[in-house]
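Observations on the model geometry
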Protein chains: 2
Amino acid sequence: MTPTGRAASSATPHARLSLNQATIKYASLPRALDAAVQAGYQSIGLWREPIAEVGLATAARLVHESGLRVSSLCRGGFFTATDPAARRLSIDDNRRALDEAEAIGAPALVLVVGGLPEGSRDLVGARAAVAEALAELAPHAASVGVTLAVEPLHPMYASDRAVVSTLGQALDLAEPFDPAIVGVVVDTFHVWWDPSLEADVARAGAAGRIASYQVCDWKTPLPLDVLLARHYPGDGVIDFGRITEAVLSTGYDGDIEVEIFNQAIWDDDVDTVAARVADAFASAVVPHLGSAVAGGR
Amino acid sequence: MTPTGRAASSATPHARLSLNQATIKYASLPRALDAAVQAGYQSIGLWREPIAEVGLATAARLVHESGLRVSSLCRGGFFTATDPAARRLSIDDNRRALDEAEAIGAPALVLVVGGLPEGSRDLVGARAAVAEALAELAPHAASVGVTLAVEPLHPMYASDRAVVSTLGQALDLAEPFDPAIVGVVVDTFHVWWDPSLEADVARAGAAGRIASYQVCDWKTPLPLDVLLARHYPGDGVIDFGRITEAVLSTGYDGDIEVEIFNQAIWDDDVDTVAARVADAFASAVVPHLGSAVAGGR
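Computed from a predicted structure; not experimentally measured. (Residues numbered from 1 in each chain as written. Chains lettered and ligands numbered in written order. Predicted model: local features only at pLDDT ≥ 70, side-chain atom pairs only at ≥ 80, totals over all residues. Heavy atoms only, no water.)

**Overview of the nonpolar core**
Quick note on the threshold: In these notes, a set of buried Ala, Val, Leu, Ile, Met, Phe, Trp, Tyr and Cys residues joined through side-chain atoms within 4.5 Å is what counts as a nonpolar core. When a residue's accessible area, from a 1.4 Å probe over protein chains only, is under 20% of the maximum for its type it is buried; when over 50% it is exposed; and in between it is partly exposed. It only takes one pair of heavy atoms within 4.5 Å for two residues to be counted as in contact.
Core analysis: the biggest nonpolar cluster contains 196 residues, and A:Leu134, A:Trp192, B:Leu134 and B:Trp192 have the highest contact counts within it. Beyond its immediate stretch of four places on either side in the chain, A:Trp192 contacts A:Leu197, A:Trp218, A:Val237, A:Ile238, A:Arg242, A:Ile243, B:Leu116, B:Leu123, B:Ala158 and B:Ser159.

**So, the layout of surface pockets**
All names here are of chain B. To keep it simple, the criterion reads: For cavity detection a 1 Å grid was placed over the protein atoms alone, and a set of points counts as a cavity when a 1.4 Å probe fits there but cannot get out; an open set counts as a pocket when protein lies on both sides within 12 Å along at least five of seven lines, with lining residues being those that have an atom within 4 Å of a point. Grid points are joined across faces, edges and corners, and a volume is the space filled by probe spheres set on the points. Note on conventions: DSSP H or I runs of at least 4 residues are helices, E runs of at least 2 residues are strands, and numbering of each starts at the N terminus. Classification convention: Asp, Glu, Lys, Arg as charged; Ala, Val, Leu, Ile, Met, Phe, Trp, Tyr, Cys, Pro as nonpolar; all other residues, Gly among them, as polar.
Within this model, the largest pocket holds a volume of roughly 480 Å³. Surrounding the largest pocket, 27 residues form its lining, Ala22, Lys25, Trp47, Arg75 and Phe261 being those nearest its centre. Of all the secondary-structure elements, those providing two or more residues to the lining of the largest pocket are helix H2 (48-54), strand S3 (69-77), strand S4 (108-112) and helix H7 (188-191). It is H2 that contributes the most residues to the lining of the largest pocket, 3 residues altogether. Partitioning the lining of the largest pocket into residue classes produces 15 nonpolar, 3 polar and 9 charged.

**Topic: the interface of chain B and chain A**
As a reminder, the rule being used: Once two parts are brought into contact, the accessible area they lose, counted with a 1.4 Å probe and summed over both, makes up the buried area. Polar contact is defined as a pair of N or O atoms within 3.5 Å, subject to the rule that within protein one atom must be able to donate a hydrogen and the other to accept it, and that residues adjacent in sequence are counted only when both atoms are side-chain atoms.
Counting residues at the interface gives 31 residues for chain B, matched by 31 residues for chain A. Of the roughly 2400 Å² buried between chain B and chain A on both sides combined, carbon and sulfur atoms contribute 63%. Across the contact surface, chain B and chain A share 12 residue pairs in polar contact (both at pLDDT 80 or more). The element that contributes the greatest number of residues to the side of chain B that touches chain A is helix H5 (residues 123-144) of chain B, accounting for 3 residues. Here the side of chain B that touches chain A is composed, by residue class, of 16 nonpolar, 9 polar and 6 charged.

**Some points on the sheet that holds strand S10 (residues 256-258) of chain B**
Residue and element names in this part refer to chain B. Heads up, the condition is: In short, DSSP must find at least two bridges between two strands for them to pair. To obtain an axis, a line is fitted to C-alpha atoms, over the contacting stretch when the element is a helix, and the angle between two such axes runs from 0 to 180 degrees between their N-to-C directions.
Strand order in this closed barrel of 8 strands is S1-S2-S3-S4-S5-S6-S7-S10, and the pairing throughout is parallel. Strand-to-strand twist of the sheet, defined as the mean angle between neighbouring strand axes without regard to direction, takes the value 30°. Bridge count for strand S1 (residues 17-20) against S10 is 3 bridges, and the pairing is parallel. Within S10, the residue paired with Leu19 across the bridge is Val258. Strands in contact with helix H6 (residues 167-174) are strand S5 (147-150) and strand S6 (182-187); relative to S6, the strand with the most contacts, it is inclined by about 170°.

**Some points on the pairing of S4(B)**
Residue and element names in this part refer to chain B. What counts is decided by this rule: Place the viewer so that the strands point away; then a crossover is right-handed whenever the path from the first strand over the helix to the second strand goes clockwise.
The buried fraction of S4 amounts to 5 of the 5 residues, a majority that puts the element mostly inside the structure. Relative to S4, S3 runs parallel, the two sharing 4 bridges. Note that in S4 the partner of Gly76 across the bridge is Leu111. Two elements, S4 and S5, share 4 bridges in a ladder whose sense is parallel. If you follow Leu109 over to S5, its bridge partner there is Leu148. Taken together, S4, H5 and S5 form a β-α-β motif whose crossover is right-handed.

Below, the structure written as structure tokens:
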């Protein structure tokens, strides 16, 4: 048992482990920071909504006082609207998200690029819109020193969440830009099935484009809301050894986030979840980290 | 209204349209053949279970008497068992399926290759088992003149149905074999999201490996049982023009199957479904067939 009598954790969180706040969705920013610090984390991944609740200046101060690194800010994106006004709003909102990332010290803004526009079947057009949005945002990303991190989402989300479905496709989109400005997210849940994964991870690493590595597990049957299908590492079928070794062998030295959308986990006690994440990471991922140095580039 | 007073259809089924029996799952083989003939189809895709119900000799006679072409037999596969006895049963069963395909005049046996074995995380090993099974079955496929048609399934089925998730991966598996012996299935539902689709369809066509082209639509939200997420062409977000033109431009001259797993469609009247399939195909697919010649290679 921990001194506070809260949920027991047998594992001190690994130095490179970051608790993504989506895993404890109902916690406010102060509560999330406190949970991470109390559980012994050194890093946290933040979301924009809890930051907005307290205001950006307060959020930046709280993060600074916590002593935690911020591994990423979630999330920007949603670039595929065809209506010019909606498109403009999206670009402006992403500029603000980049400013917020800078303010809280997040090295990367995670981008969920958006699905097909309502009523559209134009996948090619939607993908072109993503490329255009990256080009529009790149100068601002460069000026604030935050990487636009394109996240390929599992193909089951291609129609309504993200028309970028593979790591290779994300790398093609990133290709025209400096790796410090446009990178990619490798999230095991989204890419574990991809027969090109090792090759594409190697390509991403060689280009210095892995802006974030996120781990959680895949298990079937899927729940009715497939957005909530994610599990603690080790509770499903993903081979974290194979993927983690591929990512680390490229020289990736950043934090590793655990980001889980799962109603049962959201309904659980925040400190219990923080401890369980550390335990799951310790057994499913840490054995594959070798002697890799601690995160926090 | 048709002369029989059954469900109205404004469209005579296109000469290349094949009614896959899975779309009318609860119909016996005689009932399915009758529905296809009455609705004016020239081709049908059959499944092994309804054939087994009447016996292979009777099935072959009924098919012959119907005058219908058989576009494919579903299905073989499930190659990923690690237990040697289970693996042997699977190979033997696939040999019998090839014999059945020959007996009913199906040019191809559709293969759903199987998911991860129970308790396994070894995706690489499961994929290797598929390659080995194809090599074991290839001589028998050659001897009966039936193509082993590897079907890449949507990545959301990678863990429990098919560790072959992309057309490119299916083509890599087929590569060592003569295209008459190992081909691939292009099913819009499974591959519509793939950013490499046009390139891989071109590759498949150039190698003469498209053994079957199947169409149905994708729509979200997905039902709780994601196996039943398929819809009539035109009811979802798939751009049948783009994909159909890519397939046909390779010279593909076979039948085009409509295969829909959907509880509401299964619960509907068989003749109504046969008519609706023809109508949906007429509006969503036929405009993209150009002056392509009729099927029935």
